[in-house]
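# Reading the structure
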Amino acid sequence: MDTLTFDEEGVCSVCRQVEFKEEKIDWDDRRKQLDGLIDEYANKGLYDCIVPFSGGKDSVFQLWYIRRILKLKPLVVRFNHWGYRPKVEDNNTMVFKKLGVDVVEFQPNFHVVRELMLESFKRRGDFCWHCHTGIYAGVMHMAVRFQVPLLFWGESTAEYHSWYTFEEMEEVDEKRFNRLMNQGITADDMYEFLQGRVEMRDLWMFNYPKRKDLMKLKVRSICLGNYIKWDTKANVELIGKELDWFGHEVEGVPPEFHYEKVECTFQGMRDYSKFVKRGYGRTNHLMSIDIRNGRKTREEALRLEEQYDGKRPASMDWFLEILNMTEDEYYDYLRAHAVHPWEFDKDKVEDGPVPYDFDKWDRTDLSDVPLGPDGRNFAPGKATTDAGE
């Protein structure tokens, strides 16, 4: 974790933030602050707020809370990143019907996305730049286009990182976008990097809206988890009971976390890439949260981490075919982003299990669709920073 620090007692900064969340925050007062915001913004236009929505546990809970508890009329905005798993659509249809909401979905040109995935992987060891930027900048564009100034996101990043603390009341603004999401690469940068293979107008949804437009609209883009006490497991139980929402297995994740990162076909490769670079994966992340919350012992956590982290995903060949990349090239790209003193040994990697729905994942033949200069990949490049996971 790029922002993690340890105090003189050897306790990490995220653990201290969680202590503050549990012991120091007056959640009744935070809820009153939320009610004040709602009084200021609700019933002023076509919609009271925007809810960005992936169909994962957090966005489903956000939408349930806003409809059933806050009684607002939201516009649901979905950025379709080309990686949704088949069952996500079933869940989303059920949730939208039960809650009764208007939905807008926007999806970028896949030829453009493919170029962005390859370029960001080469430069940052993270192929998700289009998703990081599209979800945040693209949704903000929808706020401007539909003239909806209030946006609700999920938990505060103080739950997992130290970019912000619970005291700061983090907002999902341009500063946060540049600090956390775009990996130090703007849409203008991408246009230059891609050397004419996309047009600048192809990148509008990855480019943050103009400041003057956001100021004119008086946008407030907030984390719901700064105003109500966020508990992921309790939220999952609630949406299961209230909406029949269901999860499923994810590559590299123990079955008990059936709700974790269920939306994306690329998630297994994303977590594996993090392991190759840094020596820990999704299970390590989840175990840290459970230890922090008294749900696992360190010994239990280490056993599960050993069992699930760092296994070669069954989706790897599928992923490599999409990006027209060999496995050796994949490891060469990531080698430049490894965090010292971790050293990954690909010869010791075991194969992971095949996802139950793998046969239903999209397998469009892309062999005749050029990628990279002259239809080929770039040579592995040298990293300047590693801003991704």
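Presented here is a report on the structure given in the accompanying data block. (Residues numbered from 1 in each chain as written. Predicted model: local features only at pLDDT ≥ 70, side-chain atom pairs only at ≥ 80, totals over all residues. Heavy atoms only, no water.)

We now examine the pairing of strand E2 (residues 74-79). Buried residues dominate E2, accounting for six of its six residues. Here E2 shows two buried faces, one formed by Pro74, Val76 and Arg78 and the other by Leu75, Val77 and Phe79. Both strand E1 (residues 49-52) and E2 contribute to a ladder of four bridges, which runs parallel. The residue bridging Pro52 from the neighbouring strand is Val77, located in E2. At this point the chain moves from E1, through helix H3 (residues 57-69), to the parallel E2, and the crossover so formed is right-handed. Of the pairings in the sheet, the one linking E2 to strand E3 (residues 102-106) comprises five bridges and is parallel in character. (Buried < 20%, exposed > 50% of the residue type's maximum accessible area, 1.4 Å probe, protein only. Helix = DSSP H or I, 4+ residues; strand = E, 2+ residues; numbered from the N terminus. Pairing = 2+ DSSP bridges. Right-handed = clockwise from strand over helix to strand, strands pointing away.)

Ranked by size, the top nonpolar core spans 43 residues in total, and within it Leu34, Leu63, Val95 and Phe152 carry the most contacts. Secondary structure elements with two or more residues in this core: helix H2 (27-41), E1, H3, helix H4 (86-99), strand E4 (150-153), helix H10 (232-243), helix H12 (282-292) and helix H13 (298-308). Examining the composition of this core, we find that six residues originate from one element, H3, more than from any other. Core analysis: the next-biggest nonpolar cluster, separate from the first, contains 37 residues, Leu116, Leu151, Tyr164 and Ile185 among them. (Core = buried A, V, L, I, M, F, W, Y, C linked by side-chain atoms within 4.5 Å.)

The tally for this structure, following the rule as stated, stands at 31 salt bridges. For Glu327, the salt bridge is made with Arg312, and the minimal N-O distance between the two is 3.0 Å. With a gap of 15 residues between them, Glu327 in helix H15 (residues 327-335) and Arg312 in the loop between H13 and helix H14 (316-322) connect regions that are remote in the sequence. Each of the salt bridges in this network shares a partner with another, and the network as a whole consists of Lys57, Asp58, Glu260, Asp271 and Arg282. (Salt bridge = Lys/Arg side-chain N within 4 Å of Asp/Glu carboxyl O.)

Turning next to the pairing of E4. Remember that side chains alternate between the two faces of the sheet whenever the strand is regular. Here E4 shows two buried faces, one formed by Leu150 and Phe152 and the other by Leu151 and Trp153. As defined by bridge partners, E4 adjoins strand E5 (residues 220-223) across four bridges and the pair is classed as parallel. Bridging across to E5, Phe152 finds its partner in Ile222.

What follows covers helix H11 (residues 267-278). A rise of 1.5 Å per residue sets the reference length of H11, with its twelve residues, at 16 Å; its end C-alpha atoms lie 16 Å apart and thus fit the reference within 8%. The buried fraction of H11 amounts to twelve of the twelve residues, a majority that puts the element mostly inside the structure. Among the residues of H11, those classed as buried are Gln267, Gly268, Met269, Arg270, Asp271, Tyr272, Ser273, Lys274, Phe275, Val276, Lys277 and Arg278. Among the structural elements, helix H5 (110-124), helix H6 (129-146), H12, H14 and H15 are those in contact with the buried residues of H11. Directly beyond the C-terminal end of H11, a positive phi value near 85° is found at Gly279. (Expected span 1.5 Å × (residues − 1). Contact = heavy atoms within 4.5 Å.)

This part covers the packing of aromatic side chains. The final tally for this structure, using the stated rule, is 29 aromatic pairs. Each ring, one from Tyr136 and one from Trp153, has its centre 4.6 Å from the other, and the planes form 15°; the classification is stacked. Of this pair, Tyr136 sits in helix H6 while Trp153 sits in strand E4, placing them 17 residues apart in sequence. On the basis of relative accessibility, which here comes to 16%, the residue Tyr136 falls in the buried class. On the basis of relative accessible area, Trp153 is assigned to the buried category, the value being 7%. Pairing Phe177 with Tyr208 gives two aromatic rings, centres 4.9 Å apart and planes at 40°, and the pair type is tilted. With Phe177 in helix H7 (residues 174-181) and Tyr208 in the loop between helix H8 (187-193) and helix H9 (211-217), this pair connects stretches of sequence that are 31 residues apart. Residue class for Phe177 comes out buried when judged on its relative accessible area of 5%. (Phe/Tyr/Trp six-rings, centres within 6.5 Å; stacked < 30°, edge-to-face > 60°.)

Moving on, we come to the environment of Ala187. With respect to the helices, strands and loops of the structure, Ala187 is situated in helix H8. Under the relative-accessibility criterion, Ala187 is labelled buried at 1%. Along the sequence, Ala187 and Trp204 sit 17 residues apart, while their C-alpha atoms lie 7.9 Å from each other. Leave out the neighbours within four places in its chain, and Ala187 touches Trp129, Met200, Leu203, Phe206 and Asn207.

This next bit is on the environment of Asp7. Note that Asp7 resides in the segment before helix H1 (13-23). For Asp7, a relative accessible area of 25% puts it in the partly exposed group. A distance of 2.9 Å separates a polar atom in the side chain of Asp7 from the backbone nitrogen of Glu9. Within the local environment of Asp7, its side chain forms a polar contact with the backbone nitrogen of Val11, the two atoms lying 2.9 Å apart. (Polar contact = N/O pair within 3.5 Å; in protein donor to acceptor, adjacent residues only side chain to side chain.)

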